[in-house]
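Spelled out from the first residue to the last, the chains are:
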Amino acid sequence: MSSSVGDLSSDRPAQPSADAVANAALELQRARSALESGDGDLRALHEAVKGAARLTRSLAATVDRLVRYTPGTVENRKVARDLVADLRALRSCLTAGAALIDPAVDDLRDLADSAGSPTGGAGVGHSIGEPFDPDADFAARWEEWVSARPGT
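Residue positions are counted from 1 within each chain, in the order its sequence is given. Reporting of local features is limited, given that this is a predicted model, to residues whose pLDDT is at least 70; pairs of side-chain atoms are given and counted only at 80 or more, and all residues count toward the totals for whole chains, interfaces and linings. As a rule here, side-chain values come from all non-hydrogen atoms in the structure, and water together with hydrogens is ignored.

**Q** Help me understand the overall build of the protein chain, please; the structure alone is not making it clear to me.
**A** Helix and strand counts for the protein chain come out as four helices and zero strands. Helical segments are the DSSP runs of H or I of at least four residues, strand segments are the runs of E of at least two, and each set is numbered from the N terminus. Beginning at the N terminus, the succession of helices and strands in the protein chain can be written as α-α-α-α. For every residue, the accessible area (1.4 Å probe, protein chains only) is compared with the maximum for its type, and the residue is labelled buried under 20%, exposed over 50%, or partly exposed between those bounds. Evaluated residue by residue, the protein chain yields a buried proportion of 12% over its 152 residues. Taking the contacts inside the protein chain whose residues are at least 6 apart along the sequence as the reference set, 76% of them involve residues at least 24 apart. Summed over all atoms, the accessible surface of the protein chain reaches about 11,300 Å², with 59% contributed by carbon and sulfur. The contact criterion used is simple: two residues touch if any of their non-hydrogen atoms lie within 4.5 Å. We get accessible surface area from the Shrake-Rupley algorithm with a probe of 1.4 Å; when it comes to residues, only the shown protein chains can shield them.

Structural data, given as structure tokens:
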């Protein structure tokens, strides 16, 4: 049986860390589905953004543990060095992303607190419409990033 990025099944015996990551991925999928309703609730948006920041920090900490786990697990030193460098870069991006969202979390908290109503006085909510496809979204963000880089 072959597996893809979205396929959480495997022919290999279960590993506690792999199972935990698979369960986390399922929970994130559930969260994305819940967000697709897009009901316009400002407090719910604040909590979702705050939760995304918290998850990003947690993922950065998890990647940091992968960095520490790699040298004792990957016997090929060159591959281990490359993997550690890649994981450190990922951790840095996740850490920066979590820090960058903090002002938005604060702004949303202030808006939700001052609004006094679940919708924040925003009126009619909106529906996001199309189901969220994380692979397509990543590809689009990657294209934006590549096109924004000088010299590319």
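**Q** Please explain the side chain of Thr-70 as it appears in this structure.
**A** By the element assignment, Thr-70 lies in the loop between helix H2 (42–69) and helix H3 (77–115). Thr-70 gets classed as buried once you look at its relative accessible area, which sits at 5%. Separated by 2.7 Å, the side chain of Thr-70 and the backbone oxygen of Leu-66 make a polar contact. Here Thr-70 is in contact with Ala-80, Leu-83, Val-84 and Leu-87, once residues within four sequence places are set aside. What qualifies as a polar contact is a pair of N or O atoms within 3.5 Å, subject to a donor-acceptor requirement within protein and to the restriction that residues adjacent in sequence count only when both atoms come from side chains.

**Q** When you look at H3 in this model, what are you seeing that I'm missing?
**A** Residue pairs spaced three or four apart in an α-helix point in one direction, given the helix's 3.6 residues per turn. For H3, built from 39 residues, the straight-helix expectation of 57 Å at 1.5 Å per residue is met to within 8% by its first-to-last C-alpha distance of 56 Å. Two axes enter the bend calculation: one fitted to the seven residues ending at the residue in question, the other to the seven starting there, and the bend is the angle between them. Along H3, the helix axis deviates most sharply at Asp-102, where the bend reaches about 30°; the proline Pro-103 sits within four residues downstream. Looking at H3, one finds that the buried residues are Ala-80, Val-84, Leu-87, Leu-94, Ala-98, Val-105, Leu-108 and Ala-112. Its side-chain oxygen at 3.0 Å from the backbone nitrogen of Lys-78, Asn-76 defines the N-terminal cap of H3. Any helix carries an expected span of 1.5 Å times its number of residues minus one.

**Q** What exactly am I supposed to notice about the environment of Leu-100 here?
**A** Mapped onto the elements of the fold, Leu-100 is located in helix H3. On the accessibility criterion, Leu-100 (67% relative accessible area) is exposed. Separated by 47 residues in the primary sequence, Leu-100 and Ala-53 have C-alpha atoms spaced 9.1 Å apart.

**Q** Just to check I follow, could you spell out the side chain of His-46 for this structure?
**A** Mapped onto the elements, His-46 comes out in helix H2. Judged by relative accessible area, which is 7%, His-46 ranks as buried. A polar contact of 3.5 Å, which involves the side chain of His-46, links it to the side chain of Glu-47. When sequence neighbours within four positions are dropped, the list of residues in contact with His-46 reads Val-105, Leu-108 and Arg-109.

**Q** Hey, could you run me through the confidence of the model for the protein chain in this one?
**A** Any segment with low pLDDT has predicted coordinates that should not be analysed in fine detail. Per-residue pLDDT for the protein chain has a mean of 77; in total, 67% of the residues score no lower than 70. Of all secondary-structure elements in the protein chain, the lowest mean pLDDT belongs to helix H4 (residues 134–148), at 68, while H3 reaches the highest, 91. Note on scores: pLDDT gives the predictor's confidence for each residue, bounded by 0 and 100. Note on residues 1–6: pLDDT under 50 across the span, and five contacts to partners over four residues away in sequence or across chains. Below pLDDT 50 for its whole length, residues 117–128 participates in 22 contacts with residues either more than four positions away or in separate chains.

**Q** Looking at this model, I keep getting lost on the environment of Ala-85. Mind explaining?
**A** Tracing the backbone through its elements, the reader meets Ala-85 in helix H3. Sequence separation of Ala-85 and Val-67 is 18 residues, and the distance between their C-alpha atoms is 8.4 Å.

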